Amino acid sequence: MEEVHVACPRCGNLLDVAYAWDKARVPRSLREFEAKWADRANPHYFSGVWRFYELLPFAPPELCVTVGEGQTLLHASEGVARYVGLRPGRLFLQYEGMNPSGSFKDNGMSAAFTHARMTGATRAACASTGNTSASLALYCSATRLMKAVIFVGSGKIAYGKLSQALDYGALTVQIAGDFDDAMARVQEVSKRLGIYLVNSLNPFRLEGQKTIMYRVLEGLRWEVPDWIVVPGGNLGNSSAFGKAFIELSQLGLIPRMPRLAVINATGANTLYRLVEHEGLRWNGGAPCQDLIRKFYAEMDAQHRRAHTIASAIEINRPVNLPKCLRALEACRGVVRQVSDQEILDAKAQVGAGGLGCEPASAASVAGTKLLVSEGIIGPDERVVCVLTGHQLKDPDATVAYHTTDQELFNKVLGSRGVRRAAFANRAVAVANDLDEIIKAIHLYS
Ligand code: F0G
């Protein structure tokens, strides 16, 4: 494999993909992409990533890897709109749970995997809270192009995700530590052993994730929404979304920028604290390193570890922090934090609306509710919440929320400070007796 750098050897900052647009074939209007809808027999036109090839033209087309990612949906949800305080028709859910591995990660993985192939890699690695590893494992097993090596924290990964990595045959390394520990180790190991790293510090991951925003625009018939709201963990998505809109604006393909809201869990709120309390900004590409260093030194001194039911975003050292600051600057962004209670209540509302999601995803809906209550988002504004992962990723959290078993509730959720399940849909226990069953149905329906 060729040597691959994800960061500048001199300053240590992560690399960014920049295109010579003047030499590329850029469409004159986003509508040009619609012609590809008609040709689903072409795997690259079927892919919700490579359909937008002209906006991420880093690889020769014949090398672009696809497993059918990005066949996702923008769904207008009246129920969730009412819950967050928006007028009917103003709240949209970008449902990334429909991806082959059940989360948005497949968008970025198809791109990073393609780049790995370009370098001649035979092994690819990641640290993960579960979804990146499920996605990498799937690409490896479906294409047979590489072997997957995944690093996960002990007891920190939802079973739906772990089951995927195991089933797809990935070499699964469980570190005695959390995601932040696994992230540090995977960088050392991949460097030492020359394994291709696919975490979102790899800039090609972000190229693939830009396409989520192209599909949002497509779903809105190429109109720009007022707000994009996204959960924040390692901050790959928010960074990618900002880059997508910056490029589209520079290319003259959109008339204005949307605003961006990044939502942390209260128990993993590095971005929120740094931006909203400490005033950290992009600052023309030179965010205050002292501020960041001081923040992490204090975090270590106090032994603060990330802790939230939204295990996908249980991250205290987001690797894409600077790129996310650029996105916040370009999109006049805001950052908020929401509690595990707010996340689970929002998740139940999303589920009741028909598109189930995992806890981390529901942070976007809980964050929107908060921003509407603060008057930052107006009730008539058009808002897109990104639902990053499928409901089946973390069935334990869902069952514990809806259960009648207080012990189970306390074990799974009580330990996270969740006190009530306001929107629980409780199973009805009934004797194995026809009359009793019919009585129960009359009573409860
Ligand atoms: N939502 C889900 C379902 C995720 O799996 C993740 C990240 C995020 C949100 C946060 O996205 O990192 O782009 O800010 N999961 C990673 C993983 C860290 O390993 O699967 P981000």
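The model shown is predicted, which means the values in this text are computed figures rather than measured ones.

Draft legend 1. Structural detail: the pattern of salt bridges. All chains considered together, the criterion is met by 27 salt bridges. A salt bridge links Asp380 to Arg87, with the nearest nitrogen and oxygen atoms 2.9 Å apart. You can see Asp380 sitting in the loop between helix H13 (359-373) and strand S10 (383-387) and its partner Arg87 sitting in the loop between helix H2 (78-84) and strand S2 (91-95), a full 293 residues away along the chain. Accessibility expressed as a relative area gives 44% for Asp380, which makes it partly exposed.

Draft legend 2. Just the packing of aromatic side chains, in detail. Following the criterion strictly, the structure yields nine aromatic pairs and no others. Between Tyr19 and Trp21, the ring centres sit 4.9 Å apart and the planes meet at 50°, which makes this aromatic pair tilted. Residue classification places Trp21 among the buried residues on the basis of a relative accessible area of 16%. Counting every residue linked through ring pairs, the aromatic cluster contains Trp50, Tyr53, Phe58 and Phe204.

Draft legend 3. Quick peek at a nonpolar patch on the surface. A cluster of nonpolar side chains, contributed by Val428, Val430, Ile437, Ile441, Leu443 and Tyr444, occupies part of the molecular surface with about 580 Å² of accessible area. Considering the arrangement of structural elements, one finds Leu443 in helix H16 (residues 434-444).

Draft legend 4. Examining the packing of helix H9 (residues 270-277) against helix H11 (residues 321-330) more closely. At a minimum axis separation of 12 Å, H9 and H11 run at an interaxial angle of 50°. Put simply, H9 runs oblique to H11. For the element pair H9 and H11, the recorded crossing hand is right-handed. Contact residues: H9 offers Leu271, Leu274 and Val275, while H11 offers Leu321, Cys324, Leu325 and Leu328.

Draft legend 5. Seen up close, the sheet that holds strand S1 (residues 73-76). Reading across the sheet, the six strands line up as S1-S2-S10-S7-S8-S9 and stay open at both edges, with mixed pairing between neighbours. Edge positions in the open sheet fall to S1 and strand S9 (334-338), since each of these has one partner strand only. Looking at each pair of strands side by side, their axes are set apart by 25° on average, direction ignored. In this structure, S1 lies alongside S2, joined through four bridges in antiparallel fashion. When the sheet's bridge partners are listed, Leu74 is paired in S2 with Gln94.

Draft legend 6. Structural context of the pairing of strand S7 (residues 227-231). Most of S7 is tucked away, with five of its five residues classed as buried. Here S7 shows two buried faces, one formed by Trp227, Val229 and Pro231 and the other by Ile228 and Val230. Strand direction decides the pairing type here: S7 and strand S8 (residues 259-265), joined by five bridges, are parallel. Bridge assignment links Val229 to a residue of S8, and that residue is Ala261. On the question of chirality, the crossover connecting S7 to the parallel S8 by way of helix H8 (residues 236-250) is right-handed.

Draft legend 7. Region of the structure containing the nonpolar core. Counting 81 residues, the largest nonpolar core has Leu30, Leu136, Met213, Ile228, Leu248 and Leu321 as its most contacted members. Broken down by element, the residue count for this core peaks at seven residues, all from helix H7 (residues 203-219). When residues no more than four places from it in sequence are discounted, the contact partners of Leu321 are Leu235, Leu271, Leu274, Leu280, Ile292 and Tyr296. Tyr95, Ile313, Leu355 and Val372 belong to the second-largest nonpolar core, a separate cluster that totals 34 residues.

Draft legend 8. Highlighting the site of the ligand. Neighbouring the ligand are 21 residues, the closest being Ser128, Gly233, Asn234, Leu235 and Thr388. Backbone polar atom of Thr129 to an oxygen atom of the ligand: 2.8 Å apart, as the coordinates give it. A distance of 2.8 Å is found between an oxygen atom of the ligand and a side-chain nitrogen or oxygen belonging to Asn131. Look at the ligand: alone it shows 480 Å² of surface, and the protein chains cover 99% of it. Within the residue set of the shell around the ligand, elements represented by two or more residues are helix H4 (131-143) and H8. For the shell around the ligand, the residue count by class is seven nonpolar, twelve polar and two charged.

Draft legend 9. Main features of unusual backbone geometry. In this structure, Trp222 takes a positive phi of about 70° despite not being glycine. Here Trp222 lies in the loop between H7 and S7. Despite not being glycine, Leu235 has its phi angle at roughly 70°, a positive value. Tracing the chain through its elements places Leu235 in the loop between S7 and H8.

Draft legend 10. Up close: helix H12 (residues 340-352). Over its 13 residues, H12 runs 18 Å from end to end, which matches the ideal 18 Å to within 8%, given 1.5 Å per residue. Within the span of H12, buried status applies to Asp340, Gln341, Ile343, Leu344, Asp345, Ala346, Lys347, Ala348, Gln349 and Val350. Among the structural elements, H2, S8, S9, H13, S10 and helix H14 (395-402) are those in contact with the buried residues of H12. Count one or two residues on from H12 and you reach Gly354, which has phi positive near 110°.

Reading the values: the criteria
Residues numbered from 1 in each chain as written. Predicted model: local features only at pLDDT ≥ 70, side-chain atom pairs only at ≥ 80, totals over all residues. Heavy atoms only, no water. Salt bridge = Lys/Arg side-chain N within 4 Å of Asp/Glu carboxyl O. Helix = DSSP H or I, 4+ residues; strand = E, 2+ residues; numbered from the N terminus. Buried < 20%, exposed > 50% of the residue type's maximum accessible area, 1.4 Å probe, protein only. Phe/Tyr/Trp six-rings, centres within 6.5 Å; stacked < 30°, edge-to-face > 60°. Patch = residues over 30% accessible without salt bridge, like charges linked within 9 Å, V, L, I, M, F, W, Y side chains within 5 Å. Areas by Shrake-Rupley, 256 points an atom, 1.4 Å probe, with all protein chains shown as cover. Axes fitted to C-alpha atoms, helices over the stretch in contact; angles between N-to-C directions. Parallel < 35°, antiparallel > 145°, perpendicular 65-115°, else oblique. Left-handed = near helix turned anticlockwise from the far one by under 90°. Contact = heavy atoms within 4.5 Å. Pairing = 2+ DSSP bridges. Right-handed = clockwise from strand over helix to strand, strands pointing away. Core = buried A, V, L, I, M, F, W, Y, C linked by side-chain atoms within 4.5 Å. Near = heavy atom within 4 Å. Polar contact = N/O pair within 3.5 Å; in protein donor to acceptor, adjacent residues only side chain to side chain. Nonpolar A, V, L, I, M, F, W, Y, C, P; charged D, E, K, R; others polar. Expected span 1.5 Å × (residues − 1).

This is a description of form; function is not addressed.
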